[in-house]
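Per-entry structural report
Read off the chains here:
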Amino acid sequence: MQGKDLLQLAEQFGTPLYVYDAEKIQSQFNRLTKAFSKVDKLRINYAMKALSNVAILQLLKDMGSGLDTVSIQEVLLGLHAGFEPEKIFYTPNGVSLEEIEEVNALGVQINIDNLSILEQFGTKHPNVPVCIRINPHVMAGGNTNISVGHIDSKFGISIHQMPHLVRIVENTKMNIVGIHMHTGSDILDIEVFLYAAEILFDAARNFKNLEFLDFGSGFKVPYKKDDIETDIEELGKKLSKRFNAFCEEYGKDLTLIFEPGKFLVSQAGFFLTKVNVVKQTTSTVFAGIDSGFNHLIRPMLYGSQHHIENISNPKGKERFYSVVGYICETDTFANNRRIAEIKEGDILSFHNAGAYCFSMSSNYNSRYKPAEVLWLHGKGHLIRAHEKFEDLLQNQIPLTTETTI
């Protein structure tokens, strides 16, 4: 995709607008599968919480992907998109036993991450194939908001609780078919990931009837020029060799599962906004856009940096701007960022807007959610319409004359 294509889409569909490049998603999927081509049984389960539009799910389904889901609603969306139940993996956190049982009734693979629910579910359903999520106590990346494998994380069963876990499985005679871990996002050092993998292998030795090992994901993608990223090719080479050796030791060819989200869709996404106002103060030049953290919260929530490009004036002289939103809060996307000269009416493109962007949007300040477009075969396809006022009222129930004070 080129800047001129994005400008044309902004004119055609209006702003704010999310745009996703199907070709980039495909290339990332192929890159990951190629890196692990030495593994006989490889399965990619797309972590749909990153971007859950049904059209994106259908696209990944056609590529051969499965799904990683975290709620019954995501499971239902996956089924609606055409995924077979056996291609859907359900890894919730902090949900009720009732929700897990409801999902199990749909024929989806269950992954349980706490001892209490494991014992309750195993007692009631000992024959159901179950995966167990462990917490390896390994820190991936440097941000505790997106690193979920550390010792204080709410996710997974502590590796130090393995004796208790094994006792529950033996007492209930549960059918354990998989072991799972997820260290978190933005893996910086693959040696750390390989260290965590050894912990997963050790845990797997406690169970004799496994069918797969799920290594999660969290592969880092670049967010700015010269940014570091996870070396997928090196990881593929080293982990494949170690995984194949473990399978030989275990006496069975297991399936290696990954559940990438950001890795597949982050770089494919662009968020297009229009500049409403350029405001000069005594110390700052603000570029105020027709959006806010109601549409893109990652910079405010995680301190994430998204490269911002003025696609209306890409070769203009660079100046320093603070890009801010129209929400009645402090919603600053960038502080004193060098951007090609901005004028009111220009279109700004936020890069790496495919993962955890639209999916975390809201109607704060009663603003509408933006539209989404899939760029496929050189053409923009509308996959979600802009919201309207009627959408805000859809589930609201006003007072009647009988209930007013």
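Let me sum up the structure you'll find in this document. Quick caveat, the model's predicted, so the values are computed rather than measured. (Residues numbered from 1 in each chain as written. Predicted model: local features only at pLDDT ≥ 70, side-chain atom pairs only at ≥ 80, totals over all residues. Heavy atoms only, no water.)

It is worth spelling out the pairing of strand S14 (residues 318-324) at this point. Bridging between strand S12 (residues 285-289) and S14 involves 3 bridges; their strand directions are parallel. By the bridge assignment for S14, phenylalanine 286 is matched with serine 322. Relative to strand S15 (residues 332-340), S14 runs antiparallel, the two sharing 6 bridges. Bridged to arginine 319 within S15 is isoleucine 339. (Pairing = 2+ DSSP bridges. Helix = DSSP H or I, 4+ residues; strand = E, 2+ residues; numbered from the N terminus.)

Attention shifts here to the side chain of asparagine 135. Secondary-structure assignment places asparagine 135 in strand S6 (residues 129-135). Overall, the relative accessible area of 3% leaves asparagine 135 in the buried class. Engagement of the side chain of asparagine 135 in a polar contact is seen with the backbone nitrogen of histidine 137, the distance being 2.9 Å. (Buried < 20%, exposed > 50% of the residue type's maximum accessible area, 1.4 Å probe, protein only. Polar contact = N/O pair within 3.5 Å; in protein donor to acceptor, adjacent residues only side chain to side chain.)

Further remarks concern the pairing of strand S1 (residues 17-21). With 5 of its 5 residues buried, S1 lies for the most part within the structure. Summarising the sheet, S1 and strand S17 (residues 371-376) pair through 5 bridges and their orientation is parallel. Note on S17: the bridge partner recorded for valine 19 is valine 373. Bridge count between S1 and strand S11 (residues 269-280): 4 bridges; the pairing is antiparallel. By the bridge assignment for S11, tyrosine 20 is matched with glycine 269.

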